[in-house]
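# Geometric and topological summary
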Amino acid sequence: MRFTLRVWRQKDAKSPGQFETYEVDGVPADASFLEMLDILNEKLIKEGKEPVAFDHDCREGICGSCGLFINGRAHGPLPNITTCRLYMRHFKDGDTITIEPFRARPFPVIKDLVVDRSALDRIIQKGGYISVNTGSAPDANSIPIAKAAADRAFDYATCIGCGACVAACKNASAMLFTSAKVAHLALLPQGQPERRERVKRMVAQMDAEGFGHCSNTGACAVECPAKIPLSAIARLQRDFIWANLTPDPYAR
Amino acid sequence: MAQAASPAVGWLHTSVGRKVVMAATGIFLMTFLVVHLSGNLLLLRGDRGAAFNAYAEFMSTNPFIRVLEVLLFLGFLIHIYQGLYFILKEKQARPQRYTLNAAHANTSLFSRTMRISAVVVLVFLIVHMRHFFVEHRILGTSLTMYESCKIAFENPLYSAFYLFSFLLLGFHLVHGFYSSFQTLGVILNARVERLIRTVGIAFTVFITVGFSAIPIYFLAAKYF
Ligand code: HEM
Ligand code: SF4
Ligand code: FES
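A few points on the structure. Once a new chain begins, its residue numbering starts again from 1 and follows that chain's sequence as written. Following the order in which they are written, the chains are lettered starting with A and the ligands numbered starting with 1. Residues qualify for local features only when their pLDDT is at least 70, as the model is predicted, and side-chain atom pairs are given and counted only at 80 or more; totals for whole chains, interfaces and linings, by contrast, use all residues. Here the side-chain values reflect all heavy atoms present in the structure, with hydrogen atoms and water set aside.

### Considering the site of ligand 1
Heads up, the rule is: Proximity is defined per residue: any heavy atom of the residue falling within 4 Å of a molecule or strand makes that residue near it. In the analysis that follows, any N or O atom pair within 3.5 Å is treated as a polar contact, provided that within protein one partner can donate a hydrogen and the other can accept it, and provided that, for residues neighboring in sequence, both atoms belong to side chains. Helical segments are the DSSP runs of H or I of at least four residues, strand segments are the runs of E of at least two, and each set is numbered from the N terminus. Only Asp, Glu, Lys and Arg are considered charged in this grouping, and only Ala, Val, Leu, Ile, Met, Phe, Trp, Tyr, Cys and Pro are considered nonpolar; every other residue, Gly among them, is considered polar.
Around ligand 1, a shell composed of 28 residues is seen, among which Ser215 of chain A together with Lys19, His79, His172 and Ser179 of chain B lie nearest. Ligand 1 sits at a junction of chains, with neighbouring residues supplied by chains A and B. In this structure, an oxygen atom belonging to ligand 1 sits 2.9 Å away from a side-chain N or O atom of His213 of chain A. Secondary-structure elements contributing two or more residues to the shell around ligand 1 are α2 (15-40), α4 (63-89), α6 (114-138) and α8 (156-183) of chain B. When grouped by side-chain class, the residues that make up the shell around ligand 1 number 17 nonpolar, 10 polar and 1 charged.

### Brief notes about a nonpolar patch on the surface
All names here are of chain B. To be explicit about the condition: Only residues above 30% relative accessible area that lack a salt bridge enter a patch, with like-charged residues linked at up to 9 Å and the nonpolar side chains Val, Leu, Ile, Met, Phe, Trp and Tyr linked at up to 5 Å. All accessible-area figures derive from a Shrake-Rupley calculation using a 1.4 Å probe, and residue coverage is judged against the displayed protein chains alone. By convention in these notes, a salt bridge is any Lys or Arg side-chain nitrogen within 4 Å of a carboxyl oxygen on Asp or Glu. Only protein chains enter the accessibility calculation, which uses a 1.4 Å probe; a residue whose area is less than 20% of its type maximum is buried, one above 50% is exposed, and one in between is partly exposed.
A contiguous nonpolar surface patch, about 620 Å² in accessible area, is contributed by Phe28, Phe64, Leu68, Val70, Leu71, Leu74 and Ile78. If one sorts the elements of the nonpolar patch by residue count, α4 sits on top with 6 residues. With respect to the secondary-structure elements, Phe64 resides in helix α4. In this structure Phe64 comes out as exposed when scored by relative accessible area, which is 58%.

### Topic: the site of ligand 2
All names here are of chain A. As a structural note, the neighbourhood of ligand 2 is formed by 13 residues, with Cys159, Cys162, Gly163, Cys165 and Cys224 the closest of them. Secondary-structure elements contributing two or more residues to the shell around ligand 2 are α4 (164-168) and α5 (175-186). Looking at the shell around ligand 2 residue by residue, the class counts come to 11 nonpolar, 2 polar and no charged.

### Brief notes about the state of the cysteines
All names here are of chain A. For the record, the criterion: Note that a disulfide, as used here, is simply two cysteine sulfur atoms within 2.5 Å.
For the coordinates displayed, the defined rule picks out 0 disulfides over all chains. Note on Cys220: no disulfide assigned, nearest cysteine sulfur contributed by Cys165 at a separation of 6.4 Å. Assessed through its relative accessible area of 11%, Cys220 is described here as buried.

### Some points on the coordination of the iron atom of ligand 1
Under the convention used in this document: Only nitrogen, oxygen and sulfur atoms qualify as donors, provided they sit within 2.8 Å of the metal or within 3.2 Å for Na, K and Ca; with water excluded from the atoms, sites may seem incomplete.
Protein ligation of the iron atom of ligand 1 involves His79 of chain B (NE2) and His172 of chain B (NE2), the donor distances falling in the range 2.0 to 2.1 Å. Classification of His79 of chain B by relative accessible area gives buried; the value is 15%.

### With respect to the side chain of Arg198 of chain A
Residues and elements named next belong to chain A. Put simply, the rule reads: Residue contacts follow a heavy-atom distance rule, with two residues in contact if any of their heavy atoms lie within 4.5 Å.
Here Arg198 is to be found in helix α6 (residues 195-209). Residue classification places Arg198 among the buried residues on the basis of a relative accessible area of 2%. Only 3.1 Å separates the side chain of Arg198 from the backbone oxygen of Gly191, close enough to count as a polar contact. Not counting residues up to four positions away in its chain, the partners in contact with Arg198 are Gly127, Tyr129, Ile130, Leu185 and Gly191.

### Remarks on the nonpolar core
Looking at soluble globular proteins, one finds that nonpolar side chains tend to be buried together. The condition that has to hold: Buried Ala, Val, Leu, Ile, Met, Phe, Trp, Tyr and Cys residues form a nonpolar core when they are joined through side-chain atoms within 4.5 Å. Segment limits for the domains were obtained from an automatic or database-derived domain assignment.
Grouped together as the largest cluster of nonpolar side chains are 84 residues, with contacts concentrated most on Phe102, Phe107, Val166, Phe211, Ile228 and Leu236 of chain A together with Ile207 of chain B. Mapped onto the domain boundaries, this core takes at least three residues apiece from domain 1 (3-114) and domain 2 (118-245) of chain A. Not counting chain neighbours up to four residues away, the residues in contact with Val166 of chain A comprise Ala104, Phe107, Leu120, Ala172, Ser173, Ala174 and Phe211 of chain A together with Arg94 of chain B. Counting 27 residues, the second largest nonpolar core, distinct from the first, contains Tyr22, Leu40, Ile81 and Leu113 of chain A.

### So, the interface of chain A and chain B
One frequent convention defines the size of an interface as the accessible area lost when the parts assemble. Where we set the bar: Note on definitions: buried area is the accessible-area loss of two parts on being combined, 1.4 Å probe, summed for both.
Between chain A and chain B, the contact holds 50 residues from the first and 35 residues from the second. Contact with chain B buries area across many residues of chain A, yet Lys170, His213 and Asn216 of chain A alone supply 18% of it, more than any other trio. For the interface between chain A and chain B, the tally reads 1 salt bridge. Note that Glu90 of chain B is salt-bridged to Lys170 of chain A, the shortest N-O span being 2.6 Å. Of all the secondary structure elements, the ones that give two or more residues to the side of chain A that touches chain B are β1 (3-9), β5 (96-100), α4, α6, α7 (219-223) and α8 (231-245) of chain A. Considering each element in turn, the side of chain A that touches chain B owes the most residues, 11 residues, to α8 of chain A.

Pasting the structure below:
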């Protein structure tokens, strides 16, 4: 297959970027989007040009590093997938494809299509943990958890930190990401002692990083490759309201 | 920002707290719309405004309604202040816009146009307040409330503006109704979401069709 690519090129966070147009030919229909970019880069290297920098690691939808904004959508035209699991057969032969980095103030561009998403890590550092005493390993099953609660908590725990929710949101809000962690730990007994402090601290960090507010448009859940549901956000809202209106039973 | 305010209300200055304020005032304003519409529908009784004027008289003199009116003003002011804050701040989190953004693929028209519907409703409110509140309660016109309405709605230009504003208010409500319950953390599963969305659409149709019937009634009575 043959494509015309409009690719965002940017030297570093400080330089202004611009689009460059490239042609790629002979792309197999079953090539993934990243493999198509590999083909482009081989061509650029052969021509003595600078290859396009893009993020990737596992190439099987689990690491969350392959964030690209393709034809106006996070991870391209299909819902709920990562870029590495997007295949060229989903495009038409001869298509023009526009590729931009995930754009948000807290996601500065490192180079071309690679952005720095460590703002998300800093949100996790504020509350994505539980405190336990170190020592010998606790007995298995010493804390019973109902199957239904464990399943629901696991659904929220599957976030891979890709940042597609931020990229898709009109306000560049990190609510789906943050709420997935809040909801995950709020459903488990181990998450209770820090439950109220956690939600307050993570929301404060989200604001401090410069992410926007949530308008409940739901764009995030459409693009989220882990299919984190919007109920995560409802759970965060609920916990945040309670945490601020009632005293913390675990306060030290 | 949160740190600057006192701890008891500081949380209302976070992005999540500000949305809780929007949702609470939004729900309050939605209940007000129901009350306002039920009164206005008296205009359609065909009694040359007898029932409506009595109702307007009651609303502008009853002390209990006076207190509610102050709350209503506050509700509007807070919702509008907070709304304008979000509208003005929105672009800050993404200073470099996308060149190509296919937002229609993952969001509804109603949620995407909240800012536009908000501004139209705000303009409407100003015109509306000038026309009825200022005229009757501050300048003390000699017209009855019914006569004021009749003059306003028999003007096709005013009626068109009114109908357009309520269409846009409908847009605001389709998303706003659902969104406010999501903001308050009510929607924990798909069943509740379906329920809220259905009730929200029924509510919106009631409000939009109800208010729109009034100018249509007056125009029809004048021209047909
Ligand atoms: C009777 C009039 C109005 C009613 C019933 C109403 C109701 C609502 C409701 C229920 C919401 C959803 C809150 C949430 O997402 O939690 C909302 C959102 C909003 N309203 Fe209103 N509203 C009215 C007028 C206005 C006006 C005059 C403005 C002008 C500034 C405005 C600006 C906004 C904005 C900007 C949002 C979206 C906030 C966001 O980005 O999430 N509204 N409104
Ligand atoms: S919530 Fe979904 S879209 Fe957002 S970072 Fe996690 S996996 Fe990615
Ligand atoms: S490269 Fe790991 S999720 Fe795409």
